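Structural overview for review
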Number of protein chains: 2
Amino acid sequence: MLKRERHAYIMHEIDIHNKVLSSDLSIQLTVSEDTIRRDLQELDEKGNLTKVHGGALSKSFHFTLRNNIVYSQPEKRIIAQKARELIQDGMLVLLSGGTTIIELIKSLPPELNATFITVSIPTALELLDHPNIEVIFIGNKLLKNAQMSVGAEVVLRLAEIQCDLCFLGTNSIDVDHGITDLELEVIEVKKAMIRSAKKTVSLSISKKLNTVQRMVVCKIEEVDILITELDPGDELLKTFKKAGIEIL
Amino acid sequence: MLKRERHAYIMHEIDIHNKVLSSDLSIQLTVSEDTIRRDLQELDEKGNLTKVHGGALSKSFHFTLRNNIVYSQPEKRIIAQKARELIQDGMLVLLSGGTTIIELIKSLPPELNATFITVSIPTALELLDHPNIEVIFIGNKLLKNAQMSVGAEVVLRLAEIQCDLCFLGTNSIDVDHGITDLELEVIEVKKAMIRSAKKTVSLSISKKLNTVQRMVVCKIEEVDILITELDPGDELLKTFKKAGIEIL
DNA sequence: AATGTTTTTGCGTATTTATGCAGTATTAAA
DNA sequence: TTTAATACTGCATAAATACGCAAAAACATT
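Now for a quick tour of the structure. From a predicted model like this one, the values you see are computed outputs, not experimental measurements.

Procedures and definitions
- Residues numbered from 1 in each chain as written.
- Chains lettered and ligands numbered in written order.
- Predicted model: local features only at pLDDT ≥ 70, side-chain atom pairs only at ≥ 80, totals over all residues.
- Heavy atoms only, no water.
- Near = heavy atom within 4 Å.
- Polar contact = N/O pair within 3.5 Å; in protein donor to acceptor, adjacent residues only side chain to side chain.
- Helix = DSSP H or I, 4+ residues; strand = E, 2+ residues; numbered from the N terminus.
- Nonpolar A, V, L, I, M, F, W, Y, C, P; charged D, E, K, R; others polar.
- Contact = heavy atoms within 4.5 Å.
- Buried area = accessible area lost by both parts, 1.4 Å probe.
- Salt bridge = Lys/Arg side-chain N within 4 Å of Asp/Glu carboxyl O.
- Pairing = 2+ DSSP bridges.
- Axes fitted to C-alpha atoms, helices over the stretch in contact; angles between N-to-C directions.
- Buried < 20%, exposed > 50% of the residue type's maximum accessible area, 1.4 Å probe, protein only.

The subject of this paragraph is the protein's contact with DNA strand C. Near DNA strand C lie 17 residues; those nearest to it are Arg6 and Thr35 of chain A together with Arg6, Thr35 and Arg38 of chain B. For DNA strand C, a phosphate oxygen lies 2.2 Å from a polar atom in the side chain of Thr35 of chain A. Taking Ser32 of chain B, its side chain carries an N or O atom lying 2.6 Å from a phosphate oxygen of DNA strand C. Put simply, the parts of the chain that give the surface near DNA strand C at least two residues each are α1 (3-17) and α3 (33-45) of chain A together with α1 (3-17) and α3 (33-45) of chain B. Of the residues contributing to the surface near DNA strand C, the split by class is two nonpolar, six polar and nine charged.

Once that is clear, we can look at the protein's contact with DNA strand D. Taken together, 16 residues sit near DNA strand D, with Arg37, Lys51 and Gly54 of chain A together with Arg37 and Gly54 of chain B positioned nearest. The sugar-phosphate share of atoms of DNA strand D within 4 Å of the protein amounts to 84%. A distance of 3.4 Å separates a phosphate oxygen of DNA strand D from a polar backbone atom of Val52 of chain B. Between Gly54 of chain B and DNA strand D, the recorded distance is 2.4 Å, taken from a backbone N or O atom to a phosphate oxygen. Looking at the surface near DNA strand D, the elements with two or more residues in it are α3 and β2 (50-52) of chain A together with α3 and β2 (50-52) of chain B. Broken down by class, the residue content of the surface near DNA strand D amounts to two nonpolar, seven polar and seven charged.

What follows is about the interface of chain A and chain B. Taken together, the 39 residues of chain A in the interface contact 39 residues of chain B. Together chain A and chain B conceal approximately 3000 Å² of surface at their shared face, both sides included; 61% is due to carbon and sulfur atoms. Summed over the shared surface of chain A and chain B, the result is three salt bridges. The salt bridge partner of Glu153 of chain A is Arg157 of chain B, with a shortest N-O separation of 3.6 Å. Counting across the interface, chain A meets chain B through 10 residue pairs in polar contact (both at pLDDT 80 or more). It is helix α7 (residues 121-128) of chain A that contributes the most residues to the side of chain A that touches chain B, five residues altogether. Broken down by class, the residue content of the side of chain A that touches chain B amounts to 20 nonpolar, 11 polar and eight charged.

The strands making up a sheet are joined through hydrogen bonds of the backbone, oriented either antiparallel or parallel. Residues and elements named next belong to chain A. Taking strand neighbours across the sheet as the criterion, the three strands line up as β1-β3-β2 in an open arrangement whose pairing is antiparallel. Taken across any chain shown, the strands that pair with only one partner, and hence form the sheet edges, are β1 (19-21) and β2. With strand direction ignored, the average angle separating the axes of adjacent strands in the sheet is 20°. Two elements, β1 and strand β3 (residues 55-57), share three bridges in a ladder whose sense is antiparallel. In the sheet register, Lys19 faces β3, and the bridge partner there is Leu57.

Residue and element names in this part refer to chain B. With phi around 45°, Thr30 is a residue other than glycine that occupies positive phi space. Mapped onto the secondary structure, Thr30 falls in the loop between α2 (22-28) and α3. Overall, the relative accessible area of 59% leaves Thr30 in the exposed class. Look at Gln147: it is not a glycine, yet its phi comes out positive at around 50°. Structurally, Gln147 is set in the loop between β7 (141-143) and β8 (148-150). Here Gln147 falls in the partly exposed class, since its relative accessible area comes to 22%.

All we've got here are geometric facts, nothing functional implied.
Spelled out as C-alpha coordinates, the structure:
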(Lines give C-alpha, C1' and ligand atoms only; values in the text may rest on other atoms or scores of the structure.)
Protein backbone atom coordinates (compact mmCIF):
# COMPACT_ATOMS: atom_id res chain seq x y z
CA MET A 1 0.00 0.00 0.00
CA LEU A 2 1.27 3.42 -0.96
CA LYS A 3 1.84 6.21 1.49
CA ARG A 4 -0.85 8.27 -0.20
CA GLU A 5 -3.38 5.54 0.31
CA ARG A 6 -2.45 5.24 3.96
CA HIS A 7 -2.87 8.95 4.40
CA ALA A 8 -6.26 8.83 2.73
CA TYR A 9 -7.28 5.92 4.94
CA ILE A 10 -6.16 7.75 8.07
CA MET A 11 -8.02 10.91 7.14
CA HIS A 12 -11.10 8.85 6.42
CA GLU A 13 -10.90 7.33 9.87
CA ILE A 14 -10.49 10.79 11.36
CA ASP A 15 -13.53 12.01 9.47
CA ILE A 16 -15.64 9.24 10.86
CA HIS A 17 -14.35 8.77 14.40
CA ASN A 18 -12.59 12.07 15.09
CA LYS A 19 -9.66 10.10 16.44
CA VAL A 20 -7.17 7.39 15.57
CA LEU A 21 -4.76 5.34 17.62
CA SER A 22 -1.31 4.61 16.26
CA SER A 23 -1.54 1.06 17.52
CA ASP A 24 -4.84 0.43 15.71
CA LEU A 25 -3.64 1.88 12.45
CA SER A 26 -0.45 -0.12 12.60
CA ILE A 27 -2.48 -3.32 12.66
CA GLN A 28 -5.11 -2.21 10.17
CA LEU A 29 -2.57 -1.08 7.62
CA THR A 30 0.02 -3.77 8.42
CA VAL A 31 2.89 -1.35 8.80
CA SER A 32 5.06 -0.57 11.80
CA GLU A 33 4.03 2.01 14.35
CA ASP A 34 7.01 4.07 13.33
CA THR A 35 5.55 4.48 9.89
CA ILE A 36 2.18 5.43 11.27
CA ARG A 37 3.84 7.92 13.56
CA ARG A 38 5.62 9.47 10.62
CA ASP A 39 2.37 9.56 8.67
CA LEU A 40 0.56 11.30 11.48
CA GLN A 41 3.40 13.75 11.83
CA GLU A 42 3.21 14.67 8.17
CA LEU A 43 -0.55 15.04 8.24
CA ASP A 44 -0.20 17.23 11.29
CA GLU A 45 2.35 19.45 9.56
CA LYS A 46 -0.03 19.76 6.63
CA GLY A 47 -2.67 20.80 9.12
CA ASN A 48 -5.05 17.93 8.43
CA LEU A 49 -5.16 16.60 11.97
CA THR A 50 -3.70 17.12 15.41
CA LYS A 51 -1.13 14.62 16.53
CA VAL A 52 -1.18 13.65 20.20
CA HIS A 53 0.57 11.07 22.31
CA GLY A 54 -0.85 7.72 21.25
CA GLY A 55 -2.52 8.76 18.02
CA ALA A 56 -4.20 11.78 16.52
CA LEU A 57 -7.40 13.79 16.78
CA SER A 58 -9.55 15.67 14.34
CA LYS A 59 -8.90 19.38 14.07
CA SER A 60 -12.52 20.01 15.04
CA PHE A 61 -11.70 18.55 18.42
CA HIS A 62 -11.40 21.63 20.60
CA PHE A 63 -12.32 22.14 24.19
CA THR A 64 -11.99 25.86 24.60
CA LEU A 65 -15.62 26.52 23.78
CA ARG A 66 -16.28 28.85 26.65
CA ASN A 67 -13.16 30.88 26.07
CA ASN A 68 -14.13 31.34 22.45
CA ILE A 69 -17.53 32.63 23.39
CA VAL A 70 -16.10 35.23 25.67
CA TYR A 71 -13.36 36.12 23.28
CA SER A 72 -15.14 37.14 20.10
CA GLN A 73 -18.44 38.06 21.65
CA PRO A 74 -18.40 41.76 20.68
CA GLU A 75 -17.93 40.88 17.02
CA LYS A 76 -20.71 38.36 17.20
CA ARG A 77 -23.01 40.90 18.83
CA ILE A 78 -22.50 43.26 15.91
CA ILE A 79 -23.23 40.45 13.47
CA ALA A 80 -26.36 39.54 15.40
CA GLN A 81 -27.62 43.11 15.27
CA LYS A 82 -27.32 43.21 11.51
CA ALA A 83 -28.79 39.76 11.01
CA ARG A 84 -31.92 40.35 13.01
CA GLU A 85 -32.98 43.17 10.68
CA LEU A 86 -33.67 40.54 8.05
CA ILE A 87 -36.20 38.66 10.15
CA GLN A 88 -39.80 39.79 9.97
CA ASP A 89 -43.10 38.77 11.50
CA GLY A 90 -44.59 35.66 10.01
CA MET A 91 -41.39 34.40 8.51
CA LEU A 92 -40.20 30.81 8.56
CA VAL A 93 -36.50 30.84 9.44
CA LEU A 94 -33.93 28.05 9.45
CA LEU A 95 -31.05 28.28 11.93
CA SER A 96 -27.83 26.30 12.22
CA GLY A 97 -25.83 25.90 15.40
CA GLY A 98 -22.94 27.93 16.72
CA THR A 99 -22.30 30.77 19.08
CA THR A 100 -23.02 33.47 16.53
CA ILE A 101 -26.49 32.06 16.03
CA ILE A 102 -27.02 32.00 19.81
CA GLU A 103 -26.08 35.65 19.89
CA LEU A 104 -28.58 36.35 17.11
CA ILE A 105 -31.37 34.66 19.05
CA LYS A 106 -30.55 36.66 22.18
CA SER A 107 -30.90 39.87 20.21
CA LEU A 108 -34.33 39.06 18.79
CA PRO A 109 -37.02 41.52 19.95
CA PRO A 110 -39.50 39.86 22.31
CA GLU A 111 -42.50 40.94 20.27
CA LEU A 112 -41.26 39.13 17.17
CA ASN A 113 -43.74 36.58 15.92
CA ALA A 114 -42.09 34.07 13.65
CA THR A 115 -41.38 30.36 13.36
CA PHE A 116 -37.87 29.01 13.66
CA ILE A 117 -36.64 25.61 12.59
CA THR A 118 -33.37 24.14 13.74
CA VAL A 119 -31.38 20.91 14.07
CA SER A 120 -29.09 22.19 16.83
CA ILE A 121 -29.86 21.44 20.47
CA PRO A 122 -28.23 24.55 21.95
CA THR A 123 -29.96 26.70 19.35
CA ALA A 124 -33.31 25.13 20.23
CA LEU A 125 -32.72 25.71 23.92
CA GLU A 126 -31.97 29.36 23.32
CA LEU A 127 -35.02 29.76 21.08
CA LEU A 128 -37.27 28.33 23.78
CA ASP A 129 -36.31 31.22 26.00
CA HIS A 130 -38.18 33.68 23.83
CA PRO A 131 -41.77 34.44 24.59
CA ASN A 132 -43.46 34.53 21.20
CA ILE A 133 -41.67 32.57 18.57
CA GLU A 134 -42.60 29.05 17.64
CA VAL A 135 -39.78 26.51 17.61
CA ILE A 136 -39.60 23.40 15.49
CA PHE A 137 -36.82 20.91 15.97
CA ILE A 138 -35.94 18.39 13.31
CA GLY A 139 -34.74 15.37 15.20
CA ASN A 140 -32.89 12.18 14.47
CA LYS A 141 -29.56 10.74 15.54
CA LEU A 142 -27.62 13.40 17.44
CA LEU A 143 -23.97 14.07 16.77
CA LYS A 144 -21.93 14.30 19.96
CA ASN A 145 -19.56 17.18 19.44
CA ALA A 146 -21.73 19.25 17.11
CA GLN A 147 -24.82 18.65 19.30
CA MET A 148 -27.10 18.51 16.29
CA SER A 149 -29.28 16.10 14.34
CA VAL A 150 -27.67 14.40 11.41
CA GLY A 151 -28.49 11.66 8.95
CA ALA A 152 -30.70 10.93 5.99
CA GLU A 153 -33.91 11.43 7.93
CA VAL A 154 -32.99 15.03 8.66
CA VAL A 155 -32.10 15.71 5.05
CA LEU A 156 -35.40 14.23 3.92
CA ARG A 157 -37.47 16.28 6.32
CA LEU A 158 -35.63 19.44 5.41
CA ALA A 159 -36.47 18.75 1.78
CA GLU A 160 -40.15 18.99 2.65
CA ILE A 161 -39.74 22.51 3.95
CA GLN A 162 -39.63 25.84 2.16
CA CYS A 163 -38.19 28.57 4.39
CA ASP A 164 -37.74 32.27 3.86
CA LEU A 165 -34.27 32.52 5.32
CA CYS A 166 -31.45 30.22 6.33
CA PHE A 167 -28.83 31.56 8.72
CA LEU A 168 -25.60 29.64 8.81
CA GLY A 169 -23.02 30.17 11.52
CA THR A 170 -20.01 29.75 9.28
CA ASN A 171 -16.66 28.28 10.22
CA SER A 172 -14.87 29.00 7.00
CA ILE A 173 -15.82 31.01 3.95
CA ASP A 174 -13.70 31.76 0.94
CA VAL A 175 -14.46 33.20 -2.49
CA ASP A 176 -12.92 30.29 -4.35
CA HIS A 177 -14.04 27.39 -2.20
CA GLY A 178 -17.29 28.73 -0.78
CA ILE A 179 -18.43 27.67 2.67
CA THR A 180 -16.41 24.76 3.98
CA ASP A 181 -16.57 22.64 7.10
CA LEU A 182 -14.93 19.65 8.72
CA GLU A 183 -17.43 16.92 9.35
CA LEU A 184 -19.14 14.96 6.65
CA GLU A 185 -22.38 14.46 8.52
CA VAL A 186 -22.68 18.14 9.37
CA ILE A 187 -22.12 19.09 5.76
CA GLU A 188 -24.91 16.84 4.54
CA VAL A 189 -27.35 18.65 6.79
CA LYS A 190 -26.09 22.13 5.99
CA LYS A 191 -26.45 21.43 2.29
CA ALA A 192 -30.03 20.37 2.84
CA MET A 193 -30.69 23.52 4.85
CA ILE A 194 -29.45 25.71 2.02
CA ARG A 195 -31.63 23.89 -0.47
CA SER A 196 -34.73 24.44 1.66
CA ALA A 197 -34.37 28.19 1.95
CA LYS A 198 -35.13 31.00 -0.46
CA LYS A 199 -32.18 32.99 0.81
CA THR A 200 -29.02 31.84 2.54
CA VAL A 201 -27.26 34.15 4.97
CA SER A 202 -23.74 33.42 6.16
CA LEU A 203 -22.75 34.82 9.55
CA SER A 204 -19.01 34.98 9.89
CA ILE A 205 -16.54 36.89 12.01
CA SER A 206 -13.83 38.44 9.86
CA LYS A 207 -11.16 36.05 11.16
CA LYS A 208 -12.96 33.24 9.42
CA LEU A 209 -13.01 35.00 6.06
CA ASN A 210 -10.75 33.49 3.41
CA THR A 211 -10.15 30.35 5.41
CA VAL A 212 -10.78 26.90 4.00
CA GLN A 213 -11.58 23.58 5.63
CA ARG A 214 -11.47 20.13 4.20
CA MET A 215 -15.00 19.68 2.89
CA VAL A 216 -17.31 21.89 0.85
CA VAL A 217 -20.78 22.86 2.07
CA CYS A 218 -21.69 25.09 -0.86
CA LYS A 219 -20.19 27.28 -3.54
CA ILE A 220 -19.93 30.98 -2.97
CA GLU A 221 -22.74 31.68 -5.50
CA GLU A 222 -25.21 29.89 -3.29
CA VAL A 223 -24.68 32.42 -0.52
CA ASP A 224 -27.04 35.37 -0.88
CA ILE A 225 -25.97 37.54 2.02
CA LEU A 226 -22.76 37.71 4.02
CA ILE A 227 -22.71 39.37 7.42
CA THR A 228 -19.52 40.14 9.30
CA GLU A 229 -18.68 42.59 12.06
CA LEU A 230 -16.87 44.78 9.53
CA ASP A 231 -18.21 47.79 7.68
CA PRO A 232 -19.71 46.67 4.34
CA GLY A 233 -17.19 48.86 2.54
CA ASP A 234 -14.21 47.16 4.15
CA GLU A 235 -11.36 46.11 1.90
CA LEU A 236 -11.55 42.49 3.05
CA LEU A 237 -15.07 42.17 1.70
CA LYS A 238 -14.45 43.44 -1.83
CA THR A 239 -13.82 40.06 -3.37
CA PHE A 240 -17.06 38.76 -1.91
CA LYS A 241 -18.96 41.74 -3.26
CA LYS A 242 -17.49 41.09 -6.69
CA ALA A 243 -18.74 37.53 -6.49
CA GLY A 244 -22.23 38.99 -6.35
CA ILE A 245 -22.92 38.57 -2.67
CA GLU A 246 -24.86 41.16 -0.71
CA ILE A 247 -22.78 42.40 2.20
CA LEU A 248 -24.28 43.70 5.43
CA MET B 1 -8.88 6.95 25.83
CA LEU B 2 -6.30 9.56 24.92
CA LYS B 3 -5.22 12.20 27.39
CA ARG B 4 -6.48 14.93 25.10
CA GLU B 5 -9.89 13.33 25.01
CA ARG B 6 -9.98 13.26 28.78
CA HIS B 7 -9.07 16.91 28.84
CA ALA B 8 -11.81 17.70 26.37
CA TYR B 9 -14.29 15.72 28.44
CA ILE B 10 -13.28 17.55 31.59
CA MET B 11 -13.55 20.97 29.95
CA HIS B 12 -16.94 20.03 28.60
CA GLU B 13 -18.09 19.12 32.09
CA ILE B 14 -16.75 22.42 33.35
CA ASP B 15 -18.61 24.30 30.65
CA ILE B 16 -21.87 22.68 31.62
CA HIS B 17 -21.68 22.42 35.39
CA ASN B 18 -19.07 25.05 36.24
CA LYS B 19 -17.37 22.51 38.45
CA VAL B 20 -16.04 18.95 38.55
CA LEU B 21 -15.11 16.56 41.33
CA SER B 22 -11.96 14.49 40.95
CA SER B 23 -13.76 11.50 42.41
CA ASP B 24 -16.56 11.70 39.84
CA LEU B 25 -14.20 12.10 36.93
CA SER B 26 -12.09 9.21 38.10
CA ILE B 27 -15.11 6.93 37.91
CA GLN B 28 -16.55 8.39 34.73
CA LEU B 29 -13.27 8.14 32.85
CA THR B 30 -12.11 4.93 34.55
CA VAL B 31 -8.69 6.24 35.49
CA SER B 32 -7.11 6.76 38.90
CA GLU B 33 -7.66 9.96 40.83
CA ASP B 34 -3.96 10.66 40.48
CA THR B 35 -4.34 10.89 36.75
CA ILE B 36 -7.34 13.18 37.09
CA ARG B 37 -5.41 15.35 39.49
CA ARG B 38 -2.58 15.61 37.02
CA ASP B 39 -5.05 16.41 34.26
CA LEU B 40 -6.62 19.17 36.28
CA GLN B 41 -3.20 20.50 37.13
CA GLU B 42 -2.25 20.70 33.47
CA LEU B 43 -5.51 22.33 32.48
CA ASP B 44 -5.03 24.79 35.31
CA GLU B 45 -1.52 25.64 34.13
CA LYS B 46 -2.90 26.20 30.65
CA GLY B 47 -5.43 28.52 32.23
CA ASN B 48 -8.53 26.56 31.22
CA LEU B 49 -9.87 26.02 34.73
CA THR B 50 -9.07 26.64 38.36
CA LYS B 51 -7.96 23.65 40.36
CA VAL B 52 -9.19 23.44 43.96
CA HIS B 53 -9.16 20.86 46.69
CA GLY B 54 -11.34 17.97 45.51
CA GLY B 55 -11.80 19.02 41.93
CA ALA B 56 -11.82 22.11 39.76
CA LEU B 57 -13.95 25.17 39.03
CA SER B 58 -14.74 27.17 35.94
CA LYS B 59 -12.59 30.23 35.44
CA SER B 60 -15.54 32.47 34.66
CA PHE B 61 -17.94 31.62 37.45
CA HIS B 62 -16.59 31.18 40.91
CA PHE B 63 -18.76 28.88 42.88
CA THR B 64 -17.58 26.83 45.76
CA LEU B 65 -17.26 23.12 45.21
CA ARG B 66 -19.88 21.85 47.57
CA ASN B 67 -22.96 23.92 47.24
CA ASN B 68 -26.03 22.20 46.00
CA ILE B 69 -26.88 24.89 43.49
CA VAL B 70 -25.77 22.83 40.55
CA TYR B 71 -25.90 19.29 41.79
CA SER B 72 -29.33 18.21 42.84
CA GLN B 73 -30.95 16.60 45.78
CA PRO B 74 -29.78 13.36 47.34
CA GLU B 75 -33.21 11.77 46.87
CA LYS B 76 -32.87 11.99 43.14
CA ARG B 77 -29.40 10.55 43.29
CA ILE B 78 -30.66 7.52 45.15
CA ILE B 79 -33.41 7.04 42.59
CA ALA B 80 -30.90 7.37 39.79
CA GLN B 81 -28.67 4.73 41.34
CA LYS B 82 -31.53 2.25 41.47
CA ALA B 83 -32.78 3.08 37.99
CA ARG B 84 -29.50 2.64 36.25
CA GLU B 85 -29.31 -1.00 37.34
CA LEU B 86 -32.10 -1.72 34.90
CA ILE B 87 -30.20 -0.45 31.87
CA GLN B 88 -28.00 -2.91 30.06
CA ASP B 89 -25.70 -2.88 27.07
CA GLY B 90 -27.48 -2.93 23.75
CA MET B 91 -30.80 -1.73 25.11
CA LEU B 92 -33.05 0.81 23.48
CA VAL B 93 -34.29 3.16 26.19
CA LEU B 94 -36.88 5.90 26.11
CA LEU B 95 -36.44 8.86 28.46
CA SER B 96 -38.78 11.67 29.42
CA GLY B 97 -37.67 15.03 30.74
CA GLY B 98 -37.16 16.21 34.30
CA THR B 99 -34.40 16.60 36.84
CA THR B 100 -34.62 13.01 38.06
CA ILE B 101 -33.95 11.80 34.55
CA ILE B 102 -30.99 14.17 34.30
CA GLU B 103 -29.64 12.68 37.49
CA LEU B 104 -30.11 9.19 36.05
CA ILE B 105 -28.10 10.12 32.97
CA LYS B 106 -25.31 11.57 35.09
CA SER B 107 -25.02 8.31 36.96
CA LEU B 108 -24.72 6.14 33.86
CA PRO B 109 -21.36 4.34 33.70
CA PRO B 110 -19.21 5.70 30.87
CA GLU B 111 -18.66 2.28 29.39
CA LEU B 112 -22.37 1.72 28.87
CA ASN B 113 -23.21 1.09 25.26
CA ALA B 114 -26.89 1.66 24.60
CA THR B 115 -29.21 3.80 22.53
CA PHE B 116 -31.42 6.41 24.13
CA ILE B 117 -34.42 8.09 22.61
CA THR B 118 -35.94 11.25 23.99
CA VAL B 119 -38.20 14.17 23.20
CA SER B 120 -36.77 16.48 25.86
CA ILE B 121 -34.11 19.03 24.97
CA PRO B 122 -32.39 19.13 28.38
CA THR B 123 -32.37 15.34 28.49
CA ALA B 124 -30.79 15.22 25.04
CA LEU B 125 -28.15 17.72 26.05
CA GLU B 126 -27.24 15.67 29.09
CA LEU B 127 -27.15 12.47 27.07
CA LEU B 128 -24.73 14.05 24.61
CA ASP B 129 -22.34 14.42 27.49
CA HIS B 130 -21.92 10.70 27.76
CA PRO B 131 -18.99 9.26 25.81
CA ASN B 132 -20.46 6.07 24.41
CA ILE B 133 -24.20 6.08 24.11
CA GLU B 134 -26.11 6.91 20.95
CA VAL B 135 -28.76 9.59 21.22
CA ILE B 136 -31.85 9.92 19.09
CA PHE B 137 -34.11 12.92 19.39
CA ILE B 138 -37.64 12.85 18.13
CA GLY B 139 -38.31 16.36 16.98
CA ASN B 140 -41.32 18.46 16.05
CA LYS B 141 -42.91 21.55 17.52
CA LEU B 142 -41.24 22.33 20.84
CA LEU B 143 -43.26 23.24 23.89
CA LYS B 144 -41.89 26.29 25.69
CA ASN B 145 -42.12 25.45 29.38
CA ALA B 146 -41.67 21.69 29.10
CA GLN B 147 -38.81 22.09 26.58
CA MET B 148 -39.91 19.02 24.71
CA SER B 149 -41.35 17.94 21.37
CA VAL B 150 -45.10 17.59 21.20
CA GLY B 151 -47.75 16.99 18.59
CA ALA B 152 -49.11 14.30 16.33
CA GLU B 153 -45.85 13.85 14.46
CA VAL B 154 -44.09 12.84 17.67
CA VAL B 155 -46.82 10.40 18.61
CA LEU B 156 -46.66 8.83 15.17
CA ARG B 157 -42.92 8.40 15.23
CA LEU B 158 -43.02 6.93 18.72
CA ALA B 159 -45.55 4.42 17.46
CA GLU B 160 -42.93 3.13 15.01
CA ILE B 161 -40.53 2.30 17.83
CA GLN B 162 -40.31 -0.66 20.15
CA CYS B 163 -38.14 0.09 23.18
CA ASP B 164 -36.99 -2.07 26.05
CA LEU B 165 -37.58 0.46 28.79
CA CYS B 166 -39.35 3.75 29.26
CA PHE B 167 -38.32 5.94 32.18
CA LEU B 168 -40.80 8.59 33.19
CA GLY B 169 -39.85 11.39 35.54
CA THR B 170 -43.18 11.52 37.29
CA ASN B 171 -44.88 14.56 38.74
CA SER B 172 -47.78 12.79 40.36
CA ILE B 173 -48.54 9.17 40.93
CA ASP B 174 -51.44 7.70 42.84
CA VAL B 175 -52.85 4.20 43.15
CA ASP B 176 -56.37 5.21 42.16
CA HIS B 177 -55.63 7.72 39.42
CA GLY B 178 -52.32 6.42 38.08
CA ILE B 179 -49.77 8.83 36.66
CA THR B 180 -51.23 12.27 36.14
CA ASP B 181 -49.93 15.49 34.66
CA LEU B 182 -50.99 19.00 33.78
CA GLU B 183 -50.66 19.68 30.11
CA LEU B 184 -52.62 17.97 27.39
CA GLU B 185 -49.85 18.04 24.82
CA VAL B 186 -47.36 16.54 27.24
CA ILE B 187 -49.77 13.78 28.13
CA GLU B 188 -50.30 12.81 24.52
CA VAL B 189 -46.59 12.24 24.14
CA LYS B 190 -46.13 10.42 27.44
CA LYS B 191 -48.96 8.06 26.52
CA ALA B 192 -47.25 7.31 23.25
CA MET B 193 -43.99 6.69 25.07
CA ILE B 194 -45.60 4.15 27.36
CA ARG B 195 -47.18 2.37 24.40
CA SER B 196 -43.81 2.05 22.67
CA ALA B 197 -42.00 0.41 25.55
CA LYS B 198 -42.04 -3.13 26.84
CA LYS B 199 -41.67 -1.90 30.41
CA THR B 200 -42.56 1.44 31.97
CA VAL B 201 -40.59 2.70 34.95
CA SER B 202 -41.82 5.60 37.02
CA LEU B 203 -39.20 7.64 38.85
CA SER B 204 -40.74 9.57 41.68
CA ILE B 205 -39.54 11.19 44.88
CA SER B 206 -41.70 10.18 47.81
CA LYS B 207 -43.23 13.64 48.14
CA LYS B 208 -44.96 13.11 44.82
CA LEU B 209 -46.54 9.82 45.85
CA ASN B 210 -50.29 9.90 46.29
CA THR B 211 -50.67 13.26 44.59
CA VAL B 212 -53.00 13.86 41.68
CA GLN B 213 -53.01 16.35 38.84
CA ARG B 214 -55.71 17.31 36.42
CA MET B 215 -55.15 14.88 33.56
CA VAL B 216 -54.39 11.18 33.35
CA VAL B 217 -51.31 9.85 31.58
CA CYS B 218 -51.90 6.22 32.36
CA LYS B 219 -53.56 3.91 34.84
CA ILE B 220 -51.52 2.42 37.64
CA GLU B 221 -51.60 -1.02 36.01
CA GLU B 222 -49.61 0.27 33.09
CA VAL B 223 -46.67 1.06 35.35
CA ASP B 224 -44.34 -1.90 35.67
CA ILE B 225 -41.75 -0.58 38.09
CA LEU B 226 -41.81 2.25 40.60
CA ILE B 227 -38.59 3.72 41.93
CA THR B 228 -38.43 6.11 44.87
CA GLU B 229 -35.68 7.09 47.28
CA LEU B 230 -37.40 5.03 50.01
CA ASP B 231 -36.63 1.49 51.05
CA PRO B 232 -38.83 -0.90 49.04
CA GLY B 233 -40.35 -2.11 52.29
CA ASP B 234 -41.48 1.34 53.35
CA GLU B 235 -45.03 1.77 54.58
CA LEU B 236 -45.82 4.40 51.97
CA LEU B 237 -45.21 1.94 49.16
CA LYS B 238 -47.47 -0.85 50.38
CA THR B 239 -50.51 0.20 48.38
CA PHE B 240 -48.44 0.34 45.20
CA LYS B 241 -47.08 -3.11 45.84
CA LYS B 242 -50.61 -4.38 46.32
CA ALA B 243 -51.52 -2.94 42.94
CA GLY B 244 -48.98 -5.32 41.44
CA ILE B 245 -46.16 -2.87 40.80
CA GLU B 246 -42.56 -3.87 41.29
CA ILE B 247 -40.89 -1.55 43.79
CA LEU B 248 -37.18 -0.75 43.75
C1' DA C 1 19.11 -2.97 -18.50
C1' DA C 2 22.29 -0.98 -15.43
C1' DT C 3 23.37 2.46 -12.35
C1' DG C 4 23.00 5.93 -9.00
C1' DT C 5 19.91 8.65 -6.08
C1' DT C 6 16.18 9.46 -3.18
C1' DT C 7 12.44 7.89 -0.41
C1' DT C 8 10.36 4.82 2.49
C1' DT C 9 10.33 1.53 5.94
C1' DG C 10 11.49 -1.44 9.95
C1' DC C 11 14.50 -2.47 13.78
C1' DG C 12 17.25 -1.83 18.04
C1' DT C 13 18.11 1.18 21.59
C1' DA C 14 17.74 5.13 24.45
C1' DT C 15 14.52 8.41 26.11
C1' DT C 16 10.23 10.39 27.36
C1' DT C 17 5.53 10.18 28.78
C1' DA C 18 1.60 8.32 31.08
C1' DT C 19 -0.27 6.04 34.75
C1' DG C 20 -0.96 3.67 39.07
C1' DC C 21 0.46 2.52 43.78
C1' DA C 22 2.03 3.03 48.55
C1' DG C 23 3.10 5.75 52.22
C1' DT C 24 2.93 10.24 54.28
C1' DA C 25 1.36 14.89 54.70
C1' DT C 26 -2.27 18.09 54.36
C1' DT C 27 -6.87 19.87 54.21
C1' DA C 28 -11.52 20.60 55.32
C1' DA C 29 -15.70 19.00 57.32
C1' DA C 30 -18.17 17.29 61.44
C1' DT D 1 -10.29 18.31 67.87
C1' DT D 2 -11.03 14.46 65.52
C1' DT D 3 -11.59 12.12 61.35
C1' DA D 4 -12.24 11.17 56.67
C1' DA D 5 -11.10 12.80 52.28
C1' DT D 6 -7.78 14.60 49.37
C1' DA D 7 -3.01 15.83 47.91
C1' DC D 8 1.81 15.11 47.44
C1' DT D 9 6.18 12.44 46.92
C1' DG D 10 8.84 9.03 45.08
C1' DC D 11 8.92 5.04 42.65
C1' DA D 12 7.76 1.21 39.30
C1' DT D 13 6.11 -0.07 34.99
C1' DA D 14 4.37 -0.03 30.59
C1' DA D 15 3.52 2.33 26.64
C1' DA D 16 4.82 5.71 23.19
C1' DT D 17 8.32 8.20 21.00
C1' DA D 18 12.87 9.83 19.01
C1' DC D 19 17.01 8.65 16.70
C1' DG D 20 20.35 6.47 13.99
C1' DC D 21 21.04 3.07 10.75
C1' DA D 22 20.56 -0.24 7.15
C1' DA D 23 17.71 -2.73 3.97
C1' DA D 24 14.27 -2.30 0.59
C1' DA D 25 11.62 0.05 -2.66
C1' DA D 26 10.74 3.61 -5.87
C1' DC D 27 12.43 6.73 -9.07
C1' DA D 28 15.51 8.96 -12.40
C1' DT D 29 19.22 8.85 -15.64
C1' DT D 30 22.06 7.07 -18.77
